[in-house]
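What the coordinates show
Now for the letters of each chain:
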Amino acid sequence: MARASLSRGLLWISLFASVFFLPARSFYLPGVAPEDFHTGDELKVKVNKLTSTKTQLPYSFYSLPLCRPGKIVDSTENLGEVLRGDRIENSPYVFKMREPQMCKIVCHTKLNDKTTKAFKEKIDDEYRVNMILDNLPLVVPIPRLDQENSVVYQQGFHVGLKGQYAGSKDQKHFIHNHLSFTVKYHKDVQTDSARIVGFEVKPYSVKHEYEGEWKGENTRLTTCDPHAKRAVTSSETPQEVADKQDIIFTYDVEFKESDVKWASRWDTYLLMADDQIHWFSIVNSLMIVLFLSGMVAMIMLRTLYRDISKYNQLETQEEAQEETGWKLVHGDVFRPPSNSDLLCVYVGTGVQFLGMLLVTMIFAVLGFLSPSNRGGLMTAMLLLFVFMGLFAGYAATRLFKMFKGTEWKKIALKTAFMFPASVFVVFFILNALIWGEKSSGAVPFGTMFALVFLWFGISVPLVFVGAYLGFKKPAIEDPVKTNKIPRQIPEQAWYMNPAFSILIGGILPFGAVFIELFFILTSIWLHQFYYIFGFLFIVFAILIVTCAEITVVLCYFQLCSEDYLWWWRSYLTAGSSALYLFLYAAFYFFTKLEITKPVSGILYFGYMLIGSYGFFVLTGTIGFYACFWFTRLIYSSVKID
């Protein structure tokens with residue numbers, strides 16, 4: 001398992017290399033190249049995990065006593081798929097291209113206490129069955145109430161449903177044992193071959209009956225019969241889940257020609273139910289933030305220009321007997337902060353995070369990480385984070401050397417371990433909880449070993465290489481000299497209190513992304529596709545600009561009030577947006593999700609804690625560098641004796 005995971009990692013590295021060095025027209029992503037089928041060609045349906053938005057715990061398809069093929073074969077999966085809990089296996093559902101089938105018997109099973117309980121639990125938790133045909137996920141078309149002749153697609157079909165018989169108040173469980181598949185294809189007129197462009201299902205619960213003895217697949221059912229052209233069109237006589245019940249699993253398959261071309265086959269899947277709100281929200285957020293950015297930039301430029309002109313004018317007139325404002329602290333502004341080692345480590349980690357997200361989004365915008373490439377996004381992010389260790393080490397030691405530090409190896413070690421180790425500990429605890437629930441979402445030992453190898457074998461050495469290169473460079477010179485004796489900071493106004501200004505600073509960056517955050521959380525926790533990477537890239541750019549601007553403004557006010565302790569404050573000002581992100585995640589949990597199991601709640605908050613921690617490191621670093629650039633700029637612009 002570990003060897004397979006590592007080989008998949010190497011495959012991805014070669015994939016990235018091919019993206020950069022091969023011409024675009026000769027490049028196909030694995031699993032995304034089109035496949036042509038002729039009439040009568042075998043179509044193999046694969047099964048994926050069972051998923052539930054109520055529990056967030058995926059399970060293998062065959063964890064339920066559903067129909068099995070003669071031999072279960074696992075499909076090869078990339079690192080991202082394993083971490084997502086995907087378990088792709090073969091199934092007994094086999095179609096022939098453009099050859100419709102009616103009421104095909106798959107298998108016959110008799111329930112006992114154990115299997116009845118298993119089915120009832122999955123029906124109670126609203127588990128969905130996921131299948132794949134030609135790399136397309138199975139969807140259930142649901143008519144939209146607000147628009148005529150329009151449908152939305154939900155991934156997978158429910159294992160079953162709960163209901164009552166007419167005239168009874170007792171709640172019963174019913175299983176979806178008849179599947180009516182529709183395979184949509186786009187026909188090539190010249191070659192008569194076809195490409196699959198849609199895979200839909202309508203599930204039914206039917207208590208099948210038959211005459212005479214059971215003859216396996218050749219048994220003639222009375223409830224649906226291909227000879228008599230009697231098809232299943234409703235669930236009027238549903239199949240109840242109860243002890244000692246016989247359940248016969250059947251399916252129909254219908255083939256429909258479609259005008260949708262293969263290259264556009266994902267478009268229907270990616271149509272969101274509230275797409276208009278999504279577009280309006282993004283544009284609205286963009287306009288507000290651009291307006292704020294314009295105002296902030298104008299105020300900063302005008303105020304600073306006036307300050308610098310005034311200070312320089314005073315110097316020329318030799319009237320600067322009593323300095324006021326930010327110039328007054330020029331002898332202390334570049335004094336190294338307390339816990340400077342820790343600041344260097346966090347800045348280095350933030351650079352690593354920023355680099356990873358930037359490159360991932362460029363790949364995503366170019367279409368290399370489309371939803372058809374399952375697990376690709378997570379695999380790319382993991383590998384990029386590992387390789388960005390080079391920049392983390394470089395940034396951390398460059399800053400460390402500026403603070404007159406000498407033990408660069410200690411900083412490199414902390415940078416390589418502090419953030420990944422804390423995330424790994426939380427991840428390991430959450431994985432133990434998932435494993436305790438016997439879920440397929442639990443990361444296998446081999447994959448865990450592969451992750452540790454990526455960390456220790458690639459990331460840590462790269463951090464040290466980057467740290468060595470950064471420390472070899474000459475130290476960054478301060479634009480002004482630092483006094484030997486620290487200046488006393490005067491008493492600050494209530495609104496310049498560190499805690500207050502830090503919390504205020506995080507509101508604007510969070511406000512820039514929270515609408516997009518809603519759609520990201522929905523795609524993760526409600527199992528919907530997220531695909532608008534172009535907009536996400538714009539929002540990411542807005543986030544960077546907003547973090548930088550709000551930190552610079554608050555840093556300016558802080559220096560004007562003669563408080564020169566800006567190093568940590570600049571990091572925490574932008575980083576505090578992560579607190580709002582976590583609070584919003586809690587709000588989303590209680591208002592949008594129906595999670596009832598304690599384990600599922602712990603998983604949600606555990607993963608959101610990791611996400612918020614990453615967001616803190618990212619935004620904090622952006623704020624820090626903005627303030628760092630700003631202070632160097634203004635203090636190098638005025639004449640100082």
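What you see is a predicted model, and the numbers here were worked out from it, not measured in a lab.

1. Here's the deal with the confidence of the model for the protein
Summing up the model confidence of the protein, the mean pLDDT is 84 and the portion of residues at 70 or higher is 88%. The least confident element of the protein, judged by mean pLDDT, is helix 1 (residues 2–21) at 39; the most confident is helix 14 (residues 577–592) at 95. In the predicted structure, residues 1–31 sits below a pLDDT of 50 and forms 43 contacts with residues beyond four places in sequence or in another chain.

2. Some remarks on a nonpolar patch on the surface
The grouping of Leu 358, Ile 362, Val 365, Leu 366 and Phe 537 at the surface amounts to a nonpolar patch, some 420 Å² of accessible area in total. Here the nonpolar patch takes three residues from helix 5 (residues 340–365), the largest share from any one element. Positionally, Phe 537 belongs in helix 12 (residues 533–560). The class of Phe 537 is partly exposed, set by a relative accessible area of 31%.

3. Let's talk about the packing of helix 5 against helix 13 (residues 567–575)
Interaxial distance between helix 5 and helix 13 falls to 11 Å at its minimum, and their mutual angle equals 35 degrees. Seen along the crossing, helix 5 lies across helix 13 with a hand that is left-handed. Listed contacts from helix 13 to Leu 342, Leu 343, Tyr 346 and Val 347 of helix 5 are Trp 567, Trp 568 and Tyr 571. In terms of residue class, the contact of helix 5 with helix 13 is made up of seven nonpolar, no polar and no charged.

4. Things to note about the pattern of salt bridges
Enumeration according to the criterion identifies 18 salt bridges in this entry. Among the ionic pairs, Asp 36 bridges to Arg 195, the shortest N-O distance being 2.7 Å. Of this pair, Asp 36 sits in the loop between helix 1 and strand 1 (42–51) while Arg 195 sits in strand 12 (residues 194–204), and the two are 159 residues apart along the sequence. Salt-bridge contacts for Arg 569 lead to Asp 563; the nearest nitrogen and oxygen are separated by 2.8 Å. By relative accessible area, which is 8% here, Arg 569 ends up buried. Assessed through its relative accessible area of 6%, Asp 563 is described here as buried. Each of Lys 49, Arg 84 and Asp 86 takes part in salt bridges that share partners, so that together they form one network.

5. A short note on empty space enclosed by the protein
All told, the structure shown has five cavities of 30 Å³ or more when counted by the stated rule. Put simply, the largest cavity is a space of about 110 Å³. Leu 66, Tyr 93, Phe 157, His 176 and Phe 249 are, among the 15 residues lining the largest cavity, the residues nearest its centre. Contributions of two or more residues to the lining of the largest cavity are made by strand 4 (128–133), strand 11 (178–187) and strand 13 (246–257). Across the lining of the largest cavity, the residue classes tally to 11 nonpolar, four polar and no charged.

6. A look at the packing of helix 5 against helix 12
Where helix 5 contacts helix 12, the axes come no closer than 9 Å and their chain directions differ by 150 degrees. Taken as axis vectors, helix 5 and helix 12 run roughly antiparallel relative to one another. In this structure, the crossing between helix 5 and helix 12 has a hand that is left-handed. When helix 5 is examined against helix 12, the residues Leu 354, Leu 357, Leu 358, Met 361, Ile 362, Ala 364 and Val 365 are found in contact with a partner set consisting of Phe 533, Gly 534, Leu 536, Phe 537, Phe 540 and Ile 544. Here the contact of helix 5 with helix 12 is built from residues that sort into 12 nonpolar, one polar and no charged.

7. Some details on the nonpolar core
In this structure, Trp 326, Leu 559, Trp 566, Trp 567, Tyr 604, Phe 624 and Tyr 635 are the most contacted members of the largest nonpolar core, which totals 89 residues. If one sorts the elements of this core by residue count, helix 15 (residues 598–637) sits on top with 15 residues. Apart from residues no more than four positions distant in its own chain, Leu 559 is found in contact with Gly 325, Trp 326, Val 329, Val 333, Tyr 564, Trp 566, Thr 631, Ile 634 and Tyr 635. The next biggest cluster of nonpolar side chains, apart from the first, holds 53 residues, and it includes Leu 111, Phe 157, Phe 181 and Phe 529.

8. Looking at the side chain of Thr 182
Structurally, Thr 182 is set in strand 11. Among all residues touching Thr 182, those that are not within four sequence positions of it are Gly 198, Phe 199, Glu 200, Glu 254 and Lys 256.

9. Describing the state of the cysteines
Within the structure shown, the criterion is met by three disulfides. The disulfide bridge from Cys 103 ends at Cys 224, spanning 1.6 Å between sulfur atoms. The disulfide joining Cys 103 to Cys 224 has a torsion of about 40 degrees about its S-S bond and is therefore right-handed. Pair noted here: Cys 103 is in strand 3 (residues 101–110) and Cys 224 is in the loop between strand 12 and strand 13, with a separation of 121 residues, a long-range link. Across this residue pair, the class does not change: Cys 103 and Cys 224 are buried. Here Cys 555 engages in a disulfide with Cys 627; their sulfurs sit 2.5 Å apart. The disulfide joining Cys 555 to Cys 627 has a torsion of about 95 degrees about its S-S bond and is therefore right-handed. You can see Cys 555 sitting in helix 12 and its partner Cys 627 sitting in helix 15, a full 72 residues away along the chain. Here Cys 555 and Cys 627 have matching classes, each one buried. Taken in N- to C-terminal order, the disulfide-linked cysteines of the protein are connected 1-3, 2-4, 5-6.

What counts as what
- Residues numbered from 1 in each chain as written.
- Predicted model: local features only at pLDDT ≥ 70, side-chain atom pairs only at ≥ 80, totals over all residues.
- Heavy atoms only, no water.
- pLDDT = per-residue confidence, 0-100.
- Helix = DSSP H or I, 4+ residues; strand = E, 2+ residues; numbered from the N terminus.
- Contact = heavy atoms within 4.5 Å.
- Patch = residues over 30% accessible without salt bridge, like charges linked within 9 Å, V, L, I, M, F, W, Y side chains within 5 Å.
- Areas by Shrake-Rupley, 256 points an atom, 1.4 Å probe, with all protein chains shown as cover.
- Salt bridge = Lys/Arg side-chain N within 4 Å of Asp/Glu carboxyl O.
- Buried < 20%, exposed > 50% of the residue type's maximum accessible area, 1.4 Å probe, protein only.
- Axes fitted to C-alpha atoms, helices over the stretch in contact; angles between N-to-C directions.
- Left-handed = near helix turned anticlockwise from the far one by under 90°.
- Nonpolar A, V, L, I, M, F, W, Y, C, P; charged D, E, K, R; others polar.
- 1 Å grid on protein atoms, 1.4 Å probe; cavity = no way out; pocket = protein on both sides within 12 Å on 5 of 7 lines; lining within 4 Å.
- Points joined across faces, edges and corners; volume = space filled by probe spheres on them.
- Parallel < 35°, antiparallel > 145°, perpendicular 65-115°, else oblique.
- Core = buried A, V, L, I, M, F, W, Y, C linked by side-chain atoms within 4.5 Å.
- Disulfide = S-S within 2.5 Å.

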